[in-house]
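Summary of structural features
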Amino acid sequence: MYEHLKVEKEDLFTVITINRPGQLNALNLEVLEELNRVLEEEGKDPSILVFTGEGEKAFVAGADIAAMKDMTPLEAEKLSQAGQVVFHKIYQWPLPTVALINGYALGGGCELALACDLRVIKEGALIGQPEITLGIIPGFGGTHFLKKIIGEARAKELIMTGKTLKAREAEKIGLVQTVLPDENFNEEAFKQVQELGSRGSKALRAAKMVLNDNHEDVKSGLEKERTFFAELFTTQDQTEGMTAFLEKRKPRFKNK
Ligand code: COA
């Protein structure tokens, strides 16, 4: 069904693997179109999404440079728009999205990770926005999301110098939240995703909605939080979560 993606559905999450290992999973228009299609499909019954890259070496090594080299400005704009549409959909996904960064996350790969809520990186991986070294700038939302996540000064430094960061350096500046050892990376990372999924989707959805909202002022931010907070008290999961705590057992959320 997909030429460049692998889609695997688990109970509590869906894994989308970018599958072009020969090109270190570089993103071209076809991959972006397939990503758009899979998001439309999965959007009918959303679950937590996990993005990763095929092979041992790369998460995604960027937009496809060979495909971009001779593009006209119009074609470049089309590519940028396709990337931005897909990454904005990932940002707005109603449940958490996780980037399992199992190798190089450069350019569009870093941007794919930035569009996700959680970034879990392999200790030996490198991440960054090296576009400036190719005579361009990030075009899939990187200038916006990087600034938002690590702040203007750091974003300017990374984008203007094009330097790549080691996993631990990226963690230090808040670019990724979790670093895991290279050994058993997938196993450990999926344990964390499994645990996230076991939280129950009702509260996760509310958390995502409230945290994603860019409030103009404190008052409307607090109002939105209050509304979602109160709504959760109509759910069985809230009763179960609190009952389980008081009964000193693990909750069994039913997403109701
Ligand atoms: N676009 C297209 N092809 C890419 C690519 C990209 N972004 N990144 C890697 N590839 C291809 C290489 O051209 C090579 O293809 P070949 O075997 O047909 O020659 C293959 O993937 C393996 O890459 P290679 O460069 O040989 O691996 P390496 O281990 O020596 O280096 C990187 C790995 C990631 C450091 C290097 O590939 C690189 O710098 N890639 C570009 C990163 C980048 O600038 N991304 C931003 C793009 S906007």
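Anything mentioned here points back to the structure above.
This text gives an overview of the structure that appears in the document. (Residues numbered from 1 in each chain as written. Predicted model: local features only at pLDDT ≥ 70, side-chain atom pairs only at ≥ 80, totals over all residues. Heavy atoms only, no water.)

Brief notes about helix α6 (residues 152-161)
Residues A155, L158 and I159 constitute the buried set of α6. For α6, the angular spread of the buried residues around the axis is 90°, confining them to a single face. In this structure, α6 carries A153 and M160 as exposed residues pointing more than 90 degrees from its buried face. Buried residues in α6 make contact with α5 (142-150) and β9 (164-166). (Buried < 20%, exposed > 50% of the residue type's maximum accessible area, 1.4 Å probe, protein only. Helix = DSSP H or I, 4+ residues; strand = E, 2+ residues; numbered from the N terminus. Arc of directions from axis to C-beta. Contact = heavy atoms within 4.5 Å.)

Some details on the sheet that holds β9
An order of β4-β6-β8-β9 is seen for the 4 strands of this open sheet, with the pairing classed as mixed. Bordering the open sheet on either side are β4 (58-60) and β9, each of which pairs with just one other strand. Taking each pair of neighbouring strands and ignoring which way they run, the sheet shows an average axis angle of 25°. Pairing between β4 and strand β6 (residues 104-106): 2 bridges, direction parallel. Within β6, the position partnered with A58 by the bridge is Y104. Against the sheet, helix α4 (residues 108-115) contacts β4, β6 and β8 (126-128), and its axis sits at roughly 75° relative to β4. (Pairing = 2+ DSSP bridges. Axes fitted to C-alpha atoms, helices over the stretch in contact; angles between N-to-C directions.)

What about the site of the ligand?
What surrounds the ligand is a group of 17 residues, the closest being K57, A61, A63, D64 and I65. Between the ligand and A63 there is a distance of 3.0 Å, counted from a nitrogen atom to a backbone nitrogen or oxygen. Its free accessible area being 860 Å², the ligand has 56% of it covered by the protein chains. Secondary structure elements with two or more residues in the shell around the ligand: α2 (65-68) and β6. (Near = heavy atom within 4 Å. Polar contact = N/O pair within 3.5 Å; in protein donor to acceptor, adjacent residues only side chain to side chain. Areas by Shrake-Rupley, 256 points an atom, 1.4 Å probe, with all protein chains shown as cover.)

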